[in-house]
Amino acid sequence: MEELARLAGITVRTLRFYRERKLIPPPRREGRIAWYDDHHLARLRTISALLERGHTLNGIAELAEAFDHGRDVGDLLGVGAPTEETPVRLTPEELADHFAGEVTAENLAAAMDLGYLGTDGGDIVHVSRRLLDVSAALVREGIPLAEVLDAGHQVRRHAEALATLFTDLITRHAPEEDLHRLRPLAKSVVDAELSMALDRRLRKEG
């Protein structure tokens, strides 16, 4: 414990306090010996960085609990699942910087439920750089992250329906192995229709 506190730049008393608040996971025990590792050190450095950014210990405790009970990165990405999206590995500090003041336990849980976020050791993994960048841009424009995530949930339902529609259409008339090859055609139809729908909406609003 003394060595961990020294490496983290905190006192042993502070470390004990963090343990009592369950801000860090318990050590691995061998008899009366408690072993800490790099994961504990990374968590302590994350706590210090978040405190410097103005987060409260209560907020950090909620985030730590959400991280520790979040979905594993393997569940998030799926084993061998084909995707055109690029996952992004983030530290908790980097996630906080993307959504300043908006990374609450509730928003984190909502993002995990959507499958946007998973955990991998001390890191967070976002399933899609495009979604991460767009979400951050919308928050910078003043839209609350909670509403961005709710919109993502609604889009997810429509996207699932569209994916089912095109999958059924293609498999009725082509071999199943053609699904991946014809995937860009389905995406082009959806992109064109959405573009025209936005044009109609903008003309109506104007």
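The numbers attached to residues start from 1 for each chain and follow its sequence in the written order. Per-residue local features are limited, in this predicted model, to residues with pLDDT of at least 70; the limit for side-chain atom pairs, both in listing and counting, is 80 or more; totals at the level of whole chains, interfaces and linings are taken over all residues. To get the side-chain values, all heavy atoms of the structure are used, and hydrogens and water are removed first.

K.L.:
Sorry, what's going on with the pairing of strand S5 (residues 123-126) here?
P.N.:
For a regular strand, the rule is simple: side chains alternate between the two faces of the sheet. Being paired, for any two strands, means DSSP has found at least two bridges between them. Helix numbering and strand numbering both begin at the N terminus, where a helix is a DSSP run of H or I of at least 4 residues and a strand a DSSP run of E of at least 2. With 3 bridges connecting them, strand S3 (residues 88-90) and S5 associate as antiparallel partners. Within S5, the position partnered with Arg 89 by the bridge is Val 125. With 4 bridges joining them, strand S4 (residues 117-120) and S5 adopt antiparallel strand pairing. Bridge pairing links Gly 118 to Val 125 in S5.

K.L.:
Help me understand unusual backbone geometry in this model?
P.N.:
If a residue is not glycine, its phi is most likely negative; likewise, a peptide bond is most likely trans. Residue Lys 22 is not a glycine yet carries a positive backbone phi of 60°. By secondary structure assignment, the location of Lys 22 is in the loop between helix H2 (12-20) and strand S1 (28-30).

K.L.:
How should helix H9 (residues 145-173) be read in this particular structure?
P.N.:
One turn of an α-helix holds 3.6 residues; hence residues three or four places apart share an orientation. Take the residue count of a helix, subtract one, and multiply by 1.5 Å to get its expected span. Taking 1.5 Å per residue, 29 residues should reach 42 Å; H9 reaches 42 Å between its end C-alpha atoms and fits that length. For H9, the set of buried residues is Leu 145, Val 148, Leu 149, Gly 152, Phe 166 and Ile 170. Taken together, the buried residues of H9 touch helix H7 (105-114), helix H8 (129-140) and helix H10 (179-205). Buried means the residue's accessible area, taken with a 1.4 Å probe over protein chains only, is under 20% of the maximum for its type, while exposed means over 50%, and partly exposed covers the values in between. By definition, residues are in contact when any of their heavy atoms lie within 4.5 Å.

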